[in-house]
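# A closer look at the structure
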Amino acid sequence: MTSSSDRSTAVSVDGTKTYEIRTYGCQMNVHDSERLSGLLEEAGYVRAPKGADGDADVVVFNTCAVRENADNKLYGNLGRLAPMKTARPGMQIAVGGCLAQKDRDTIVKKAPWVDVVFGTHNIGKLPVLLERARVQEEAQIEIAESLEAFPSTLPTRRESAYAAWVSISVGCNNTCTFCIVPALRGKEEDRRPGDILAEIEALVAEGVSEITLLGQNVNAYGSDLGDREAFSKLLRACGQIEGLERVRFTSPHPRDFTDDVISAMAETPNVMPQLHMPLQSGSDAILKAMRRSYRQERFLGILEKVRAAIPHAAISTDIIVGFPGETEEDFEQTMHTVREARFANAFTFQYSKRPGTPAATMEGQIPKEVVQARYERLVALQEEISWEENKKQVGRTLEVMVAEGEGRKDGETHRLSGRAPDNRLVHFTKPAEEVRPGDVVTVEITYAAPHHLLAEGEVSSVRRTRAGDAWEKRTAAPKQTGVLLGLPKIGVPAPLPTPATPACGNH
């Protein structure tokens, strides 16, 4: 999965130290920020109302190194905080994530008011490093070269009550020429299946009804364990967990997408009919230059098998336009693949140099105006296909899990919003009875737009769920200030596929 930015803000509350976390990049970073929040709250910090905008005792930047201008954006934001730090005695600033792993000492040289720099492998050290910086009154830079502890063992402050990320692996063994993530996140390390299932069961016991299995290359799961079918076995095991209604995963790689995974998806009722499968390019020559180990025919063959086994599957993708050396013929091969694939939606990107990647120094860099023109043609084609595919949903009766904050216009339109099993966004007429996030409604689709569906008639039924109960309990209860170590709190990932930057390693 332009980097997305998510803010958690705080100002001083009753003398308690407060924190703000600013997150950039992919789903893995968003989930890491949930852990950073848990660590800080366990250390006694609290998060205050939104809108504090840097007015906190600790401000943490969880960075992404994917974009060409990621460092400029970071230093601009750090510069804006410098006068705030001068005016607020004791304020601390920390920088973590992929850009911190990459730039290390450079950050403190360019922004000497930063107190802590930590990497992707040692996020658990943040509270200790903050305290050490306070006591020693000097910047602490600690970048581990390999994973110190699997992140799932850390405390986690999840953001909602009905859905959650569950990390099954970290790192990536691929060598895509446009991606720097493997160098920053390391080789793939898999969690034990029993640990993953125990975390899911604990989440379900607290009210979660939807989980998203998360990995840099999620369906390569098992390569570190010596079991090529470990991922399909994990999907089937999720199907045995009572109370778990929806299972999703992101992001897979076509190279590792095997028939046993397709069978597991089709035969496990709570694995949703949705697949995010990064294409990147439809040109075999460009795929080779990208070091993507599949070709157009193999990619389309996977989609054909998925649709044969799961007829209503909604398939989304990532595509890069203007990779070095891309000719007009190469681009036309991408357009052809998009026409054949008929994606429900696609995240399309104009290639930009990622510092430190092989592609950044390749010959044949494409002029910006050419990339822009191709990008616009691709977006127009995909918009047309998305709309046509959504129109096929009109007349269908769907179970929609009610979501929180999905419909920006819900208030003025008197509608609610949620996600269909295939992850399409559905806006529906608000029923007379109370409906809570996490509850499930049955609706008939009456209208389709390129990026959403409408159900304008009456809701057929409302099913109150344990997830809705959990949401109600959470919103009614006082905000917690601490999280127990190793016991993840219930929560929600951003709806998938969401970020304009997809799961790193496959964008």
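In this text, all values refer to a predicted model and were calculated from it rather than measured experimentally. (Residues numbered from 1 in each chain as written. Predicted model: local features only at pLDDT ≥ 70, side-chain atom pairs only at ≥ 80, totals over all residues. Heavy atoms only, no water.)

A count of helical and extended segments in the chain gives 15 helices and 21 strands. A burial count over the chain gives 59% of its 507 residues as buried. (Helix = DSSP H or I, 4+ residues; strand = E, 2+ residues; numbered from the N terminus. Buried < 20%, exposed > 50% of the residue type's maximum accessible area, 1.4 Å probe, protein only.)

Attention shifts here to the confidence of the model for the chain. Per-residue pLDDT for the chain has a mean of 86; in total, 86% of the residues score no lower than 70. Mean pLDDT across the secondary structure elements of the chain bottoms out at strand 1 (residues 4–8), with 43, and peaks at helix 12 (residues 328–341), with 98. Residue range residues 1–11 is modelled with pLDDT below 50. Its contacts to residues more than four positions away, or to other chains, number 62 contacts. For residues 480–503, every residue scores under 50 in pLDDT, and the model assigns this stretch 109 contacts once sequence neighbours within four places are set aside. (pLDDT = per-residue confidence, 0-100. Contact = heavy atoms within 4.5 Å.)

The subject of this paragraph is the sheet that holds strand 12 (residues 274–276). The pairing of strands in a sheet happens through backbone hydrogen bonds and is either parallel or antiparallel. Taken in spatial order, the 3 strands of this open sheet run 12-13-14, and their pairing is parallel. Whereas interior strands pair on both sides, the edge strands pair on one side only; in this sheet they are strand 12 and strand 14 (345–350). Each adjacent strand pair in this sheet contributes to an overall mean axis angle of 10°, direction not counted. Bridge analysis of strand 13 (residues 314–321) against strand 14 gives 6 bridges, and the strand direction is parallel. In the strand pairing of strand 14, S316 is matched with N345. (Pairing = 2+ DSSP bridges. Axes fitted to C-alpha atoms, helices over the stretch in contact; angles between N-to-C directions.)

With that settled, consider the packing of aromatic side chains. In total, this model carries 4 aromatic pairs according to the counting rule given. Ring centres of F323 and Y351 lie 5.5 Å apart, and the angle between their planes is 70°; this geometry places the pair in the edge-to-face category. With F323 in the loop between strand 13 and helix 12 and Y351 in the loop between strand 14 and helix 13 (368–391), this residue pair connects regions lying 28 residues apart in the sequence. In terms of burial, F323 and Y351 fall into one category: buried. Among the aromatic residues, ring-to-ring pairing joins Y294, F299 and F343 into one connected group. (Phe/Tyr/Trp six-rings, centres within 6.5 Å; stacked < 30°, edge-to-face > 60°.)

On to helix 15 (residues 466–476), then. Of all the residues in helix 15, the buried ones are A467, G468, A470 and W471. Each buried residue of helix 15 sits inside an arc of 160° when the element is viewed along its axis, so together they form one side. Opposite the buried face of helix 15, by more than 90 degrees, sit the exposed residues K473 and A476. (Arc of directions from axis to C-beta.)

A few words on the side chain of R436. With respect to the helices and strands, the residue R436 is situated in the loop between strand 17 (425–429) and strand 18 (440–444). In this structure R436 comes out as buried when scored by relative accessible area, which is 1%. In terms of polar contacts, R436 uses its side chain to reach the backbone carbonyl oxygen of T465, at 3.4 Å. Within the structure, the side chain of R436 is placed 2.8 Å from the side chain of D469, a separation counted as a polar contact. Leave out the neighbours within four places in its chain, and R436 touches V402, R464, T465, G468, D469, W471 and E472. (Polar contact = N/O pair within 3.5 Å; in protein donor to acceptor, adjacent residues only side chain to side chain.)

This paragraph deals with the nonpolar core. One finds I200, L213, F231, L235, F249, F257 and V306 to be the most contacted residues of the largest nonpolar core, which totals 54 residues. When neighbours within four sequence positions are excluded, L213 is seen to be in contact with V166, I168, I200, V218, F231, L234, L235, V247, R248, F249 and T250. Within the second largest apolar cluster, 24 residues are counted, among which are Y24, I93, A100 and A111. (Core = buried A, V, L, I, M, F, W, Y, C linked by side-chain atoms within 4.5 Å.)

Moving on, we come to the sheet that holds strand 19 (residues 447–448). Read from one edge of the open sheet, 7 strands run 19-20-17-16-15-18-21, paired in mixed fashion. What marks the edges here is a single partner per strand, and that holds for strand 19 and strand 21 (461–463). In this structure, strand 19 lies alongside strand 20 (residues 453–455), joined through 2 bridges in antiparallel fashion. Residue A448 lies in a different strand from strand 20, and its bridge partner there is L453.

Further remarks concern helix 9 (residues 259–267). Within helix 9 the residues assigned to the buried category are D260, V261, I262, A264 and M265. As for helix 9, its buried residues are in contact with helix 8 (230–238), strand 11 (246–250), strand 12 and helix 11 (296–309).

Using the criterion set out here, one finds 29 salt bridges in the structure. Between R436 and D439 there is a salt bridge; the shortest N-O distance is 3.0 Å. One network of salt bridges, in which partners are shared, links E434, R436, D439, R464, D469 and E472. (Salt bridge = Lys/Arg side-chain N within 4 Å of Asp/Glu carboxyl O.)

Moving on, we come to the packing of helix 9 against helix 11. Across the interface, helix 9 lies against helix 11 with an axial gap of 9 Å and an inter-helix angle of 25°. Overall, the two elements helix 9 and helix 11 adopt an arrangement that is roughly parallel. As for the relative orientation of helix 9 and helix 11, their crossing is right-handed in sense. Contact residues: D259, I262 and A266 in helix 9; I302, K305, V306 and A309 in helix 11. When its residues are assigned to classes, the contact of helix 9 with helix 11 shows 5 nonpolar, no polar and 2 charged. (Parallel < 35°, antiparallel > 145°, perpendicular 65-115°, else oblique. Left-handed = near helix turned anticlockwise from the far one by under 90°. Nonpolar A, V, L, I, M, F, W, Y, C, P; charged D, E, K, R; others polar.)

This next bit is on the environment of E189. The residue E189 is located in strand 9 (residues 189–190) in this model. Exposure remark for E189: the relative accessible area of 32% places this residue in the partly exposed category. Placed 35 residues apart in sequence, E189 and D224 show a C-alpha to C-alpha distance of 6.0 Å.

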